[in-house]
Amino acid sequence: MASSEAWIAENGISVVVSKDSVSNGGGIRSTLLPSSSSRCRKSDSGDRLGCLRGFFKDLREVLLGTKLCALFVAIPFAIFAQYRGFGSPWVFAFSLLGLAPLAERLSFLTEKIALYTGPTVGGLLNATCGNVTELIIAILALVKNNVELVKYSLLGSILSNLLLVLGSSLFCGGIANLSKEQKFNRKQADANSMLLLLGLICNVLPLMCKLAAKSPESTAAMALQLSRVNSVILLMAYAAYLIFQLRTHKQSFEPQKNGEDQDEDESLSGDESPVIGFWSAFIWLVLMTAVVALLSEYLVATIEAVSDSWGLSVSFISVVLLPISGNATEHAAAIIFAFKNKLDITLGVALGSATQISMLVMPLTVLISWMIGVRMGMDLSILETSVLGLSIVLTTFTLQDGTSHYLKGVVLMLCYIAIGTCFFFFTPPQHSNDLHLEA
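Here the structure is a predicted model, which means the values were calculated and not measured.

Chemist: Please give an account of the overall build of the chain that cites residues and values.
Modeler: Across its full length, the chain holds 18 helices and four strands. Within the chain, the proportion of its 439 residues that are buried is 45%. A separation of at least 24 residues holds for 81% of the contacts in the chain among residues at least 6 apart in sequence. Accessible surface, the chain as shown: approximately 22,200 Å² in total, 65% of it carbon and sulfur.

Next comes the structure, spelled out in structure tokens:
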């Protein structure tokens, strides 16, 4: 017995005696457990294995947790095509495909970070990162002094969300719910429409000043200063909108729920726990933002060569092709919610993104251009301003009664096709870029 105890002590094993065995008078039944010293020796390897398992879990969640994960393959192809000197169309096409899953994952990561930061900081984070792809493309184009590309891409993002994303969502939702009337909260739609009209006014005023003046040279500086002041006004309005949405009237932006929705939310309430840690999500967010910046630089650098190679105007590529890729995830999410008769969420996705572009991204690009010495105003051409104004008015009339059916979606989509056809055939005058730079 003594020798066995010495062997146990030497090998770092502790003996646990069962109380039931002693009370029943039977033989002592012992359980051999690792001692504290042996556990310490194994803790380092356990921590390394745990960290490794956590890394692969996050990797699987971030890269494979989207249905667009197959498009991640386009990212290394874009980099390879760029460094091996492949044609610009290949670099442009692979970069365009690679941006689609990256935009979706950026939205996913900001949502997971919002679970740790709370609704207020989460709302600000979503507002900042919700359209980070458009903002990065705009900044890179500004650095290259390509003002027209900036304006075309931002205009295309607004039109895509208002007409294509919202229109296809209302159409699919109406077809899927023919037996019942689809309704939504008008307060959310009215607030976004009001902000979009304010953004339209701030875009129209510099153009009207230039057209009303007898001497364009004398009004160029005034239009530029007016654009910068209007940019500050729009940012103030967007800040007020965030307070209105997240603080004072947040109940107006909550989706209206029926009995089925409440039961579904209760059944899914346990799934709201974070599936990825805060710092892990933050690191992935930074890394993916860097990749978005890289692919956006490829797009900006090759868009003119692609325009010549494909026979498409830069305006059509910027207004139609770029927004379709950048809004692919929002497009799919809006349609899915419309299928489920959750139009409040659909409107939040489509109108909310258009409002962010008009009230946040566009004025930010004007102020950033001011900082880096590029003369960019908020004034668009007569064609662009007319298209934007008519699209906002059409969307406002479409949503004024608080109900939806598939015909409204058909009208919005056909309007988008008509505008896309217009930019397909329209060739801007050669001196238009110079006029904008003077403004």
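Chemist: Talk me through helix 16 (residues 382-398); I want residue IDs and the actual numbers.
Modeler: Look at helix 16: 24 Å from first C-alpha to last across 17 residues, which is about the 24 Å you get at 1.5 Å a residue. Considered for burial, the residues of helix 16 that qualify are Glu384, Thr385, Val387, Leu388, Gly389, Ser391, Ile392, Thr395 and Thr398. Where helix 16 is buried, its residues touch helix 8 (147-176), helix 9 (186-212), helix 15 (343-372), strand 4 (403-404) and helix 17 (406-425).

Chemist: Account for the nonpolar core, naming residues and giving values.
Modeler: Grouped together as the largest cluster of nonpolar side chains are 92 residues, with contacts concentrated most on Phe92, Leu109, Leu162, Leu166, Met288 and Leu399. Residue contacts for leucine 399: discarding those within four places in its chain leaves Leu166, Leu170, Phe184, Arg186, Ala189, Leu347 and Leu351.

Chemist: Break down the packing of helix 4 (residues 74-83) against helix 12 (residues 278-310) for me, citing the residues and quoting the values.
Modeler: Helix 12 packs onto helix 4 with a crossing angle of 45° between their chain directions and a minimal axis gap of 11 Å. Judged by the angle between their axes, helix 4 and helix 12 are oblique. As for the relative orientation of helix 4 and helix 12, their crossing is left-handed in sense. Every residue of helix 12 that contacts helix 4 at Ile75, Ala78, Ile79, Gln82 and Tyr83 is listed here: Val291, Leu294, Leu295 and Tyr298. Tallied by class, the residues present in the contact of helix 4 with helix 12 amount to eight nonpolar, one polar and no charged.

Chemist: I'd like a rundown of the pattern of salt bridges, residues and numbers included.
Modeler: All chains considered together, the criterion is met by four salt bridges. A salt bridge links aspartate 379 to lysine 151, with the shortest nitrogen-to-oxygen separation between them at 3.9 Å. Placement of the pair is aspartate 379 in the loop between helix 15 and helix 16 and lysine 151 in helix 8, with a sequence separation of 228 residues. Classification of aspartate 379 by relative accessible area gives buried; the value is 0%. Connected via shared salt-bridge partners are Lys151, Lys210 and Asp379.

Chemist: How would you summarise the packing of aromatic side chains if you had to cite specific residues and measurements?
Modeler: Within this structure, the stated rule accounts for ten aromatic pairs. Taking the centre distance of 6.4 Å and the plane angle of 85° together, the rings of tyrosine 152 and phenylalanine 423 count as edge-to-face. Of the two residues, tyrosine 152 sits in helix 8 while phenylalanine 423 sits in helix 17, which places them 271 residues apart along the sequence. The two residues tyrosine 152 and phenylalanine 423 agree in class, both being buried. The interplanar angle of 85° and the centroid separation of 5.1 Å between the aromatic rings of phenylalanine 424 and phenylalanine 425 together place this pair among those described as edge-to-face. Through a chain of ring-to-ring contacts, the aromatic side chains of Phe77, Trp90 and Phe94 assemble into a single cluster.

Chemist: Which residues make up helix 12, and what values do they have?
Modeler: At threonine 302, helix 12 is bent by approximately 50°, the largest bend along its length. In the segment just after helix 12, glycine 311 is the residue with positive phi, at about 75°.

Chemist: An account of the packing of helix 8 against helix 16 is needed here, citing residue identities and associated values.
Modeler: Angle between the axes and distance between the axes are the two parameters that describe a pair of packed helices. The interhelical angle for the contact between helix 8 and helix 16, taken along N-to-C directions, is 25°, at an axis separation of 11 Å. The angle between the axes of helix 8 and helix 16 places the two elements in the roughly parallel class. The interaxial crossing formed by helix 8 with helix 16 has left-handed handedness. Facing Glu148, Tyr152, Leu155, Ile158, Leu159, Leu162, Leu163, Leu166 and Leu170 of helix 8, the residues of helix 16 in contact are Glu384, Val387, Leu388, Ser391, Ile392, Thr395 and Thr398.

Chemist: How would you summarise the side chain of aspartate 344 if you had to cite specific residues and measurements?
Modeler: In this fold, aspartate 344 is placed in helix 15. Overall, the relative accessible area of 6% leaves aspartate 344 in the buried class. Here asparagine 185 takes part through its backbone nitrogen, which lies 2.6 Å from a polar atom of the side chain of aspartate 344.

Conventions we followed
- Residues numbered from 1 in each chain as written.
- Predicted model: local features only at pLDDT ≥ 70, side-chain atom pairs only at ≥ 80, totals over all residues.
- Heavy atoms only, no water.
- Helix = DSSP H or I, 4+ residues; strand = E, 2+ residues; numbered from the N terminus.
- Buried < 20%, exposed > 50% of the residue type's maximum accessible area, 1.4 Å probe, protein only.
- Contact = heavy atoms within 4.5 Å.
- Areas by Shrake-Rupley, 256 points an atom, 1.4 Å probe, with all protein chains shown as cover.
- Expected span 1.5 Å × (residues − 1).
- Core = buried A, V, L, I, M, F, W, Y, C linked by side-chain atoms within 4.5 Å.
- Axes fitted to C-alpha atoms, helices over the stretch in contact; angles between N-to-C directions.
- Parallel < 35°, antiparallel > 145°, perpendicular 65-115°, else oblique.
- Left-handed = near helix turned anticlockwise from the far one by under 90°.
- Nonpolar A, V, L, I, M, F, W, Y, C, P; charged D, E, K, R; others polar.
- Salt bridge = Lys/Arg side-chain N within 4 Å of Asp/Glu carboxyl O.
- Phe/Tyr/Trp six-rings, centres within 6.5 Å; stacked < 30°, edge-to-face > 60°.
- Bend = angle between axes of the 7 residues up to and from the residue.
- Polar contact = N/O pair within 3.5 Å; in protein donor to acceptor, adjacent residues only side chain to side chain.

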